[in-house]
Amino acid sequence: MPRTGIRWKLSAAIAAVGALVAVALSLVVHNAARVSMLDNARDLADERVQIAQRNYEASGRPNFPGVKIDDPALPKDLLAKATAGRRATYVTEHSDGVPDIWAAVPLKDGRILSLHTNFTDRSTTVLKDLDEALLIGSIAVVFGGCALGVLIGGQLSRRLRKAATAARRVAQGEPDVRVRDSIGGVVRDETDDLARAVDAMADALQQRIEAERRVTADIAHELRTPVTGLLTAAELLPPGRPTELVRDRAQAMRQLVEDVLEVARLDSASERAELQDILLGEFVTRRVIARDPGIVVRVVHESAVTTDPRRLERVLINLLVNAAKHGKPPIEVTVEGRVIRVRDHGPGFPDALLADGPSRFRTGSSDRAGHGHGLGLTIAAGQARVLGARLTFRNVRAVGAAEGVPSEGAVAVLWLPEHAPTNTGSYPMLPE
């Protein structure tokens, strides 16, 4: 559906109400002025017919301008009144809307003396001038209402837009942002109530998330000691297949505990990068070959970057581990400027990951499932945030392939920032 701003809706509403009020007021004023002029004209005609009556009774002949005796054009209703012995006035209108004024009075000899006059041109001109003034005033009211609506609606729209922007920043993980402070202003209205409600909700959610993070970190921290003891005890077991299984599971549990602690630290937003200047292509090539010499590394364009080598290596290794566990060889790593691409030739990332991003303890769909606890990509995304980088995921499909056709591989792309990520609280590492 088409999207219309609140300022234009408010302007249209005020303009419509203003137009209705102006039209109604104009009609009332026009009719009141016309009735008043007709009443004055009838009073004048009544006075003149009385004067004509006195002159006729005194002289015996009609000597007043415009009077007639037994006028055959006399309106029937006025004739009936005069025949009944009453003095009366009457108004008739022509097809062009111009009225005629009639006045009649019965004479002593039984005849009827009448006076017929037209509505004066001056009165008609006054009505036309009044109508023009009312029309101009109505137009001014409508445009003034539109301007007022734009002004009021614009202020309200700006406050709501600021509130929406602040709410989006809160949703993106900026806990210090407050909607009420963002909208500002000295006016207190419903937007302040909305802002306070959103801030209260954000505070409650932040407290709950922080409590859950602390519980997770505490549990993982408490598990460190018994898991370390379990690994030590496993080393004392006699050689054999059961011992290998115990050691493998104990090592997996230890890795899980360390990963949970790392995720907790990343969620707390307290991690800061220690920045160094490195050649990205050379760095990636050395780390990948040390990890797996069979992985193909291609440096399209070398670039010097300022980043945290330890965290960058953590992101790179996690992407490689994910590709090895859930994808298929060959695995390719491409470095182009500040961009690192890690591609495998497996079934691709699950739709949920592409839509919502990495989620902890989710290893993928059934066609991309494997061993592990599902924290690798979550840690990679968290470390990328600390570096001020952007980590994206997509699947590779053949050109023109239908929606249901399986992917030809998965690609994770790490976009390092152009400048040092000081906005994340990171700091340069001073040489020793």
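On a predicted model such as this, the values are computed, not experimentally measured, just so you know.

Student: Outline the overall build of the chain, listing residues and values.
Tutor: Scanning the chain for helices and strands turns up ten helices and twelve strands. Taken over 432 residues, the chain has a buried fraction of 34%. Across the chain, the fraction of contacts at a sequence separation of at least 24, relative to all contacts at a separation of at least 6, is 65%. Total accessible area computed for the chain in this model is approximately 26,000 Å², and 57% of it derives from carbon and sulfur atoms.

Student: Lay out the environment of alanine 381 in plain terms, naming residues and giving numbers.
Tutor: Its location among the elements puts alanine 381 in helix 10 (residues 376-386). Residues alanine 381 and leucine 391, ten residues apart in the sequence, show an inter-C-alpha distance of 6.2 Å. Among all residues touching alanine 381, those that are not within four sequence positions of it are Pro358 and Leu391.

Student: How would you sum up the UniProt feature "transmembrane region" (unreviewed entry) in the chain? Please name residues and give values.
Tutor: Feature annotation in UniProt places "transmembrane region" (unreviewed entry) on residues 133-152, given in this structure's numbering. End C-alpha atoms of residues 133-152 are separated by 28 Å, and the span's content is 100% helix alongside 0% strand.

Student: Mind laying out the environment of aspartate 39, listing which residues take part and the relevant values?
Tutor: Tracing the sequence through the fold places aspartate 39 in helix 1 (residues 6-59). Judged by relative accessible area, aspartate 39 falls into the partly exposed class, the value being 38%.

Student: Got a sec to walk through the packing of helix 8 (residues 309-326) against helix 10? Specific residues and values, please.
Tutor: Contact geometry of helix 8 with helix 10 gives a least axis separation of 9 Å together with a crossing angle of 155°. By the angle between their directions, the pair helix 8 and helix 10 is classed as roughly antiparallel. Viewed along their axes, helix 8 and helix 10 form a crossing whose handedness is left-handed. Between helix 8 and helix 10, the contacting residues are Arg311, Arg314, Val315, Asn318, Leu319 and Asn322 on the first element and Gly376, Leu377, Ile379, Ala380, Gln383, Ala384 and Val386 on the second. A per-class count over the contact of helix 8 with helix 10 returns seven nonpolar, four polar and two charged.

Student: Run through the nonpolar core, naming residues and quoting values.
Tutor: A general tendency of soluble globular proteins is for nonpolar side chains to be buried together. Membership of the largest hydrophobic core comes to 41 residues, with the highest contact counts inside it found for Val284, Leu312, Leu319, Leu320 and Leu414. Take this core: its biggest share by element is seven residues, from helix 8. In terms of nonpolar packing, the next biggest core, distinct from the first, is built from 14 residues, Val49, Ala52, Ile69 and Ile101 among them.

Student: Help me get a handle on a nonpolar patch on the surface, residues and values and all.
Tutor: A surface patch of nonpolar side chains, about 220 Å² in accessible area, is lined by Ile6, Leu160 and Leu194. Along the chain, isoleucine 6 turns up in helix 1.

Student: Kindly report on unusual backbone geometry, identifying the contributing residues and their values.
Tutor: Proline 330 follows proline 329 through a cis peptide bond whose omega is 0°. Counting through the fold element by element, proline 330 comes out in the loop between helix 8 and strand 8 (332-336). The phi dihedral of aspartate 70 is positive, around 50°, even though this residue is not glycine. In this structure aspartate 70 comes out as partly exposed when scored by relative accessible area, which is 42%.

Student: I'd love a proper account of the sheet that holds strand 4 (residues 112-118), names of residues and values included.
Tutor: An order of 1-4-3-2 is seen for the four strands of this open sheet, with the pairing classed as antiparallel. Only two strands of the sheet have a single partner each, and these edge strands are strand 1 (67-69) and strand 2 (88-93). On average, adjacent strands in this sheet sit at an angle of 25° to one another, irrespective of strand direction.

Student: Could you give an account of the pattern of salt bridges, naming the residues involved and the relevant values?
Tutor: Oppositely charged side chains can pair when the atoms bearing their charge come close. Summed over the entire model, instances satisfying the criterion amount to seven salt bridges. Aspartate 70 serves as the salt-bridge partner of arginine 111, at 3.6 Å between the closest nitrogen and oxygen. Of the two residues, arginine 111 sits in the loop between strand 3 (99-106) and strand 4 while aspartate 70 sits in the loop between strand 1 and helix 2 (76-83), which places them 41 residues apart along the sequence. With relative accessibility at 37%, the residue arginine 111 sits in the partly exposed group. In this structure, glutamate 336 and arginine 341 form a salt bridge, with 3.5 Å as the shortest nitrogen-oxygen distance. Note on glutamate 336: relative accessible area 38%, which makes it partly exposed.

Student: Tell me about the confidence of the model for the chain, and please be specific about residues and values.
Tutor: This prediction gives the chain a mean pLDDT of 79; 86% of its residues lie at or above 70. For residues 364-373, every residue scores under 50 in pLDDT, and the model assigns this stretch 26 contacts once sequence neighbours within four places are set aside.

Conventions we followed
Numbers given to residues run from 1 along each chain, matching the order in which its sequence is written. Only residues with pLDDT of at least 70 get local features here, since the model is predicted, and only at 80 or more are side-chain atom pairs given and counted; chain-wide, interface and lining totals rely on the full set of residues. To get the side-chain values, all heavy atoms of the structure are used, and hydrogens and water are removed first. Helix and strand assignments come from DSSP, with helices taken as H or I runs of at least 4 residues and strands as E runs of at least 2, each series counted from the N terminus. Note on classification: 1.4 Å probe, protein chains only; a residue is buried when its accessible area is under 20% of the maximum for its type, exposed when over 50%, partly exposed between these limits. Contacts were defined at the residue level, with two residues in contact if any of their heavy atoms lie within 4.5 Å. For every accessible area listed, the method is Shrake-Rupley and the probe measures 1.4 Å; residues are considered covered only by the protein chains on display. UniProt positions are given in the numbering used here, feature names are shortened, and annotations may be inferred rather than shown by experiment. Axis definition: a line fit to C-alpha positions, over the contact stretch in the case of helices; interaxial angles, taken between N-to-C directions, run 0 to 180 degrees. Throughout, the term roughly parallel applies to angles under 35 degrees, roughly antiparallel to angles over 145, roughly perpendicular to angles from 65 to 115, and oblique to all others. In this scheme the handedness of a crossing depends on how the near helix is turned from the far one: anticlockwise by less than a right angle means left-handed, clockwise means right-handed. Each residue is assigned to one class: nonpolar for Ala, Val, Leu, Ile, Met, Phe, Trp, Tyr, Cys and Pro, charged for Asp, Glu, Lys and Arg, and polar for all the others, Gly among them. What makes a nonpolar core is a set of buried Ala, Val, Leu, Ile, Met, Phe, Trp, Tyr and Cys residues whose side-chain atoms join them at distances within 4.5 Å. The patches reported here contain residues having more than 30% relative accessible area and no salt bridge. Joining distances are 9 Å for like charges and 5 Å for nonpolar side chains (Val, Leu, Ile, Met, Phe, Trp, Tyr). The working definition used for a salt bridge is a side-chain nitrogen of Lys or Arg within 4 Å of a carboxyl oxygen of Asp or Glu. Here, strands pair whenever DSSP counts at least two bridges between them. Confidence of the predictor at the level of single residues is given by pLDDT, which spans 0 to 100.

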